[in-house]
Amino acid sequence: MNLLVVGGGGREHAIIKKLKENPQAETIYALPGNGGISADAVCVPEIGAKDVEQIVRFAKSHAIDFAVVAPDDPLALGCVDRLHEAGIPCFGPEAKAARIEASKVFSKNLMKKYGIPTARYEVFDDPAKALAYLKTASFPIVVKADGLALGKGVLIPQNLQEAEAAVKSIMEDKAFGDSGNEIVIEEFLTGPEVSVLAFTDGTAIAPMVSSMDHKRAGDGDTGLNTGGMGTVAPNPCYTPETAAECMEKIFLPTLAAMRAEGCPFKGCLYFGLMITPDGPKVIEYNCRFGDPETQVVLPLLKTDLLTVMQAVENETLGDLTVEWHGGAAACVILASGGYPGSYEKGKELSIPEDLPENVTVYHAGDQLSGGKLVTSGGRVLGVTAAEDTLEAALKDAYAAAARIGFEGKYLRHDIGQRALRALEG
């Protein structure tokens, strides 16, 4: 089979490595891919992930048997719709279903209409009305841009002054472009956060192993929000009892709500959850695999990934038992110094060839230059280890990360510590 994966980050590398395990996977193309991915797939750097028409043309001319559209932007732009129109089976939601992430207003209104537990909220398209509302609010509070903003469109002001600045930044200064034409202002929830990715064909659902992300740039959850500095799986805060409650009150009702709205969701639905004193609530939905959650979840997948994705596309997921390995996985992100602010590019990577078998290096932000890998992004590599216990996985991931070098390398040193404390508690 000729396979195509749209995207060029660590998440896409994890998907490609897993697809490669299927003996039918003859050639895998990555559009655009990156320097490190080129060791596992044929990269086509001249076609970007948002070049929907070019992606479709390429798929037709290269006799693609199955495509995977991984990032949010092409999903929201209707890449899956266009591939389907061209007769190419693929994994991912169509544009009307991708609204569950592409519009915070759509997803919050969906949850309110169908009684899915989430934070109380108000929607504004007028900055003056938003600013007036803030004068009546309690803090901290959450301010979200409506549209896609590379995971950075959520601000948590601690007081009125910060909240007013957040509204002005998003709505007036257009810090996130048109994504900030509307905003959601919602109550600040407390409790442990859990990420649950789930395969779904619109009716059946197969949740993946839960995970815990680390969004802040600095140790101790300090500093700016990032795309994610590391992850661990499973998340010890996600008990079997909580999982059962989420299935009953959140997962199945969300699928039913999307069907009722005429936009059934097929693909990977990401539930960003908070386990509050009042029970689990939805913080956000994503319409695709999370990054870097994918880098700890897919290594634990026992069932063949391509088989699962085909079952989702064919709406036969209910006939398949999706199995997982025991144990745990940990991913430590190696970033360019300065990320998520400004950082230098073009720093040569040094990656040892004799890393242990249980360690995988996922390439997120690098490119080939003169036959050598150099940095080209903020998050450069994800170093993942799978082991019998979380403690062992973290030890192996950090040991491998220490042996990888590039100028300005930056990482958090406390990935998984919250999870370890939860396990002890």
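For the structure itself, look to the data block above.
Here we summarise the structure given alongside this text. Everything numeric in this text was worked out from a predicted model, so none of it was measured.

### Points about the overall build of the protein
Secondary structure assignment for the protein yields 13 helices and 23 strands. Taking 425 residues into account, the globule formula puts the C-alpha radius of gyration at 22 Å, and the protein, at 21 Å, falls close to it. In terms of principal-axis extent, the alpha carbons of the protein reach across some 60 × 45 × 45 Å. Counting over 425 residues, the protein shows a buried share of 55%. Taking the contacts inside the protein whose residues are at least 6 apart along the sequence as the reference set, 69% of them involve residues at least 24 apart. Element-wise, carbon and sulfur atoms account for 49% of the exposed surface of the protein, whose accessible area totals about 17200 Å².

### Focus: the pairing of strand E4 (residues 66-69)
Judged by which residues are buried, E4 turns out to be covered on both faces: Phe66 and Val68 on one side and Ala67 and Val69 on the other are all buried. Inspection of the sheet shows strand E1 (residues 2-7) paired to E4 by four bridges, in the parallel sense. Its bridge partner being in E4, Val5 is matched across the sheet by Val68. Alignment of E4 against strand E5 (residues 90-91), held across two bridges, turns out to be parallel. Looking across to E5, one finds that Val68 is bridged to Phe91.

### Focus: the sheet that holds strand E6 (residues 121-124)
With antiparallel pairing, the four strands of this open sheet are ordered in space as E6-E9-E7-E8. At either end of the open sheet lies a strand with only one pairing partner, and these are E6 and strand E8 (154-155). As defined by bridge partners, E6 adjoins strand E9 (residues 183-187) across four bridges and the pair is classed as antiparallel. Bridge pairing links Val123 to Val184 in E9. The strands touched by helix H8 (residues 160-172) within the sheet are E6, strand E7 (141-145), E8 and E9, with E7 carrying the most contacts at an inclination of about 5°.

### What to know about the packing of aromatic side chains
Tallied over the entire structure, the rule returns eight aromatic pairs. On the numbers, 5.8 Å between centres and 65° between planes, the contact of Phe271 with Tyr285 is edge-to-face. Placement of Phe271 in strand E16 (residues 267-276) and of Tyr285 in strand E17 (residues 279-286) is noted, with a sequence separation of 14 residues between them. In this structure an aromatic cluster arises from ring pairing among Phe91, Phe199 and Phe289.

### What about helix H11 (residues 305-313)?
One turn of the α-helix equals 3.6 residues, which is why residues spaced by three or four share an orientation. Counted residue by residue, H11 has seven buried out of nine residues, so it is predominantly covered. Restricting attention to buried positions, one finds in H11 the residues Leu305, Leu306, Val308, Met309, Ala311, Val312 and Glu313. The backbone nitrogen of Leu306 has a side-chain oxygen 3.4 Å away, supplied by the residue at the start of H11, namely Asp304. Just downstream of H11, Glu315 is the residue with a positive phi angle, here 60°.

### Brief notes about the pattern of salt bridges
For the structure shown, the criterion picks out 24 salt bridges. Lys347 serves as the salt-bridge partner of Glu407, at 3.4 Å between the closest nitrogen and oxygen. With Glu407 in the loop between helix H12 (390-403) and strand E23 (409-410) and Lys347 in the loop between strand E18 (328-336) and strand E19 (359-363), this pair connects stretches of sequence that are 60 residues apart. Residues joined in a network through salt bridges with shared partners are Asp221, Arg412, Asp414 and Arg418.

### Thoughts on the sheet that holds E16
The four strands are arranged E11-E10-E16-E17 in an open sheet whose pairing can be described as antiparallel. Each edge of the open sheet is held by one strand with a lone partner, namely strand E11 (205-207) and E17. Between one strand axis and the next, the sheet turns through 35° on average, direction left out of account. In this structure, strand E10 (residues 193-200) lies alongside E11, joined through three bridges in antiparallel fashion. For Phe199, the partnering residue across the bridge sits in E11 and is Ala206. Across the face of the sheet, helix H9 (residues 240-260) comes into contact with E10, E11, E16 and E17 while running at roughly 130° to E16.

### What to know about unusual backbone geometry
The peptide bond linking Leu31 to Pro32 adopts the cis configuration, its omega dihedral lying at 5°. Relative to the helices and strands, Pro32 resides in strand E2 (residues 27-32). Look at the link from Asp291 to Pro292: it is a cis peptide, with omega at 20°. Locating Pro292 in the fold gives a position in the loop between E17 and helix H10 (294-297). For Ala63, which is not glycine, the phi dihedral falls at a positive 50°.

### Re the nonpolar core
In terms of nonpolar packing, the biggest core is built from 48 residues, with Leu4, Leu83, Ile100, Phe251, Phe271 and Leu273 touching the most fellow members. The element contributing the most residues to this core is H9, with six residues. Ignoring any residue separated from it by four or fewer positions in sequence, one finds Phe271 in contact with Val194, Ser195, Val196, Ala198, Ile205, Ile250, Phe251, Thr254, Glu284 and Tyr285.

Conventions used here
Residues numbered from 1 in each chain as written. Predicted model: local features only at pLDDT ≥ 70, side-chain atom pairs only at ≥ 80, totals over all residues. Heavy atoms only, no water. Helix = DSSP H or I, 4+ residues; strand = E, 2+ residues; numbered from the N terminus. Rg over C-alpha atoms; globule rule 2.2 N^0.38 Å. Buried < 20%, exposed > 50% of the residue type's maximum accessible area, 1.4 Å probe, protein only. Contact = heavy atoms within 4.5 Å. Areas by Shrake-Rupley, 256 points an atom, 1.4 Å probe, with all protein chains shown as cover. Pairing = 2+ DSSP bridges. Axes fitted to C-alpha atoms, helices over the stretch in contact; angles between N-to-C directions. Phe/Tyr/Trp six-rings, centres within 6.5 Å; stacked < 30°, edge-to-face > 60°. Polar contact = N/O pair within 3.5 Å; in protein donor to acceptor, adjacent residues only side chain to side chain. Salt bridge = Lys/Arg side-chain N within 4 Å of Asp/Glu carboxyl O. Core = buried A, V, L, I, M, F, W, Y, C linked by side-chain atoms within 4.5 Å.

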